[in-house]
Amino acid sequence: MNKYVVIVLAWLILMTIPNGRAAAENEAPQLFSESAVLMDADTGQVLFEKNMHTQMYPASITKVLTVLLGIEKGQLNDRITMTRQAVFSIPRGASHIALDEGEQITLEQALMAAMLPSANDASNGIAEHISGSVSEFARLMNQRAREAGALNSNFVNPHGLPDKNQVTTAYDMAMITRAAMQNKEFREIFGTVHYIIPPTNKQPESRDLWSEHRMLTTNLYYYDGVIGGKTGYTKESQNTLVTAARRGDRELIAVVMKSENFGVYKDTIALFDYG
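Quantities reported herein were computed from a predicted structural model and do not represent experimental measurements.

Undergrad: Honestly, the pairing of strand E2 (residues 46–50) in this entry has me stumped. Any pointers?
TA: Bridge analysis of strand E1 (residues 35–40) against E2 gives four bridges, and the strand direction is antiparallel. Paired with Leu-38 across the strands is Phe-48, a residue of E2. Connecting E1 to the antiparallel partner E2 that follows it, the hairpin turn spans five residues, and Gly-44 within it adopts a positive phi of roughly 85°.

This is how it looks when you write it as structure tokens:
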């Protein structure tokens, strides 16, 4: 074997050995969250999963489905009149924008309130406007979830406040989000950081709405390429998070469920880096 052949063979062998950086980048992420999935938004391919079919409480990531249905079944300029039930059925301390009985807002304003500051009163208003009651809207939610490929979920309310019968999985929420992201109006709401509701018939001041998703804003967890997302938290569910991001031609959806504190953001970043 001549010297030239030896050199070529050695080079070929070296090229088949991954360097340390490449190996590290391809290692499966170690997550804080009890359940997670990373999905290709275009194909539905699962790139990583951890207990992705385990049923858990969703908390406010429920509102991804609520907002999608509001867009699909209503018109953004529809007028919603808040009922006493929609306003005062929300427990003290739960997220809201202080809507009042008889107050009128547009469907677009209600959708923004549900998505950005996670307003539970606005979510009730959406449900009643679309279906006449929360219970009828829940029926619609379950039907739409199944159409999206979410077969292990059950929804009984539009906001995600605790109910033992309201359960979903990380995989199901990724499928619901994947379906929602095919809607242009949903994508715009999903990625909005700041929105203003002007004075209404009951409120003389404007309402400033800000997204609670920290990866959309410039701070510790900002992530380049994030398209949009929805946060969730209750004592029962702990932290839940749905996020979509795009780099080049690839669009990914990450769902993480049941995590403490800011673990949902660390896990989501780790998933996107891996993907």
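Undergrad: I'm lost on unusual backbone geometry in this one. Help?
TA: The general pattern is negative phi for most residues beyond glycine and trans for most peptide bonds. Of note, Asn-51 is a non-glycine position whose phi angle comes to about 50°, a positive value. Relative to the helices and strands, Asn-51 is located in the loop between E2 and helix H3 (63–73). A relative accessible area of 41% means that Asn-51 is categorised as partly exposed. Of note in the backbone geometry, Ala-98 takes a positive phi value of approximately 60° without being a glycine. Position of Ala-98 relative to the elements: it lies in the loop between helix H4 (84–88) and strand E4 (104–106). When its relative accessible area of 45% is taken as the criterion, Ala-98 is described as partly exposed.

Undergrad: Is there a simple way to think about the pattern of salt bridges in this case?
TA: Side-chain pairs of opposite charge can arise whenever the charged atoms involved come near each other. Within this structure, the stated rule accounts for eight salt bridges. One salt bridge connects Arg-84 with Glu-101, and the closest N-O pair in it is separated by 3.3 Å. One end of the pair, Arg-84, is in helix H4; the other, Glu-101, is in the loop between H4 and E4, and 17 residues separate them in sequence. Since its relative accessible area comes to 33%, Glu-101 is described here as partly exposed.

Undergrad: Which parts of the structure should I look at to understand the environment of Val-255?
TA: In this structure, Val-255 sits in strand E9 (residues 250–259). Taking relative accessible area as the criterion, Val-255 reaches 0% and is therefore assigned buried. For Val-255 and Gly-149, which are 106 residues apart along the polypeptide, the C-alpha to C-alpha distance reads 15 Å. Filtering out sequence-adjacent residues up to four positions away, Val-255 remains in contact with Ser-35, Ala-36, Val-37, Ala-170, Met-173, Ala-174, Leu-241 and Val-242.

Undergrad: I'm lost on the packing of H3 against helix H8 (residues 170–180) in this one. Help?
TA: Between two packed helices, the angle of one axis relative to the other and the distance separating the axes together describe the packing. It is the contact of H3 with H8, at a shortest axis distance of 10 Å, that shows an interaxial angle of 30°. For the element pair H3 / H8, the angle class is roughly parallel. Classified by chirality, the crossing of H8 by H3 is left-handed. Listed contacts from H8 to Val-64, Leu-65 and Leu-68 of H3 are Met-173, Ile-176, Thr-177 and Ala-180. Here the residues of the contact of H3 with H8 are counted per class, giving six nonpolar, one polar and no charged.

Undergrad: I'm lost on the nonpolar core in this one. Help?
TA: Side chains of a nonpolar character, in soluble globular proteins, are inclined to be buried together. Grouped together as the largest cluster of nonpolar side chains are 60 residues, with contacts concentrated most on Val-67, Met-173, Ile-176, Phe-186, Phe-190, Leu-209 and Val-255. For this core, the leading source of residues is H8, giving eight residues. Those residues in contact with Met-173 that sit more than four places away from it in its chain are Ile-61, Val-64, Phe-155, Thr-168, Val-242 and Val-255. Ranked by size, the runner-up nonpolar core spans 19 residues in total, among them Ala-36, Phe-48, Leu-241 and Phe-272.

Cut-offs applied
- Think of each chain on its own: its residues are numbered from 1, step by step along the sequence as written.
- This being a predicted model, a pLDDT of at least 70 is required before a residue's local features are given, and a value of 80 or more before pairs of side-chain atoms are given or counted; all residues contribute to the totals for chains, interfaces and linings.
- Side-chain figures throughout are based on the complete set of non-hydrogen atoms in the structure, without hydrogens or water.
- Criterion used throughout: strands pair if DSSP finds at least two bridges between them.
- Secondary structure follows DSSP: runs of H or I at least 4 residues long count as helices, runs of E at least 2 residues long count as strands, and numbering of each begins at the N terminus.
- Residue exposure (1.4 Å probe, protein chains only): buried if accessible area is under 20% of the type maximum, exposed if over 50%, otherwise partly exposed.
- Salt bridges are identified by distance alone: a Lys or Arg side-chain nitrogen within 4 Å of an Asp or Glu carboxyl oxygen.
- Residues count as neighbours in contact if any of their non-hydrogen atoms are within 4.5 Å of one another.
- The axes used here are C-alpha line fits, helices contributing only the stretch in contact, and every angle between their N-to-C directions lies in the interval 0 to 180 degrees.
- For classification, angles of less than 35 degrees are called roughly parallel, those exceeding 145 degrees roughly antiparallel, those between 65 and 115 degrees roughly perpendicular, and all remaining angles oblique.
- In this scheme the crossing of two helices becomes right-handed for a clockwise turn of the near helix relative to the far one and left-handed for an anticlockwise turn of less than a right angle.
- Note on residue categories: nonpolar means Ala, Val, Leu, Ile, Met, Phe, Trp, Tyr, Cys or Pro, charged means Asp, Glu, Lys or Arg, and polar means any other residue, Gly included.
- Side-chain atoms within 4.5 Å link the members of a nonpolar core, which is a set of buried Ala, Val, Leu, Ile, Met, Phe, Trp, Tyr and Cys residues.

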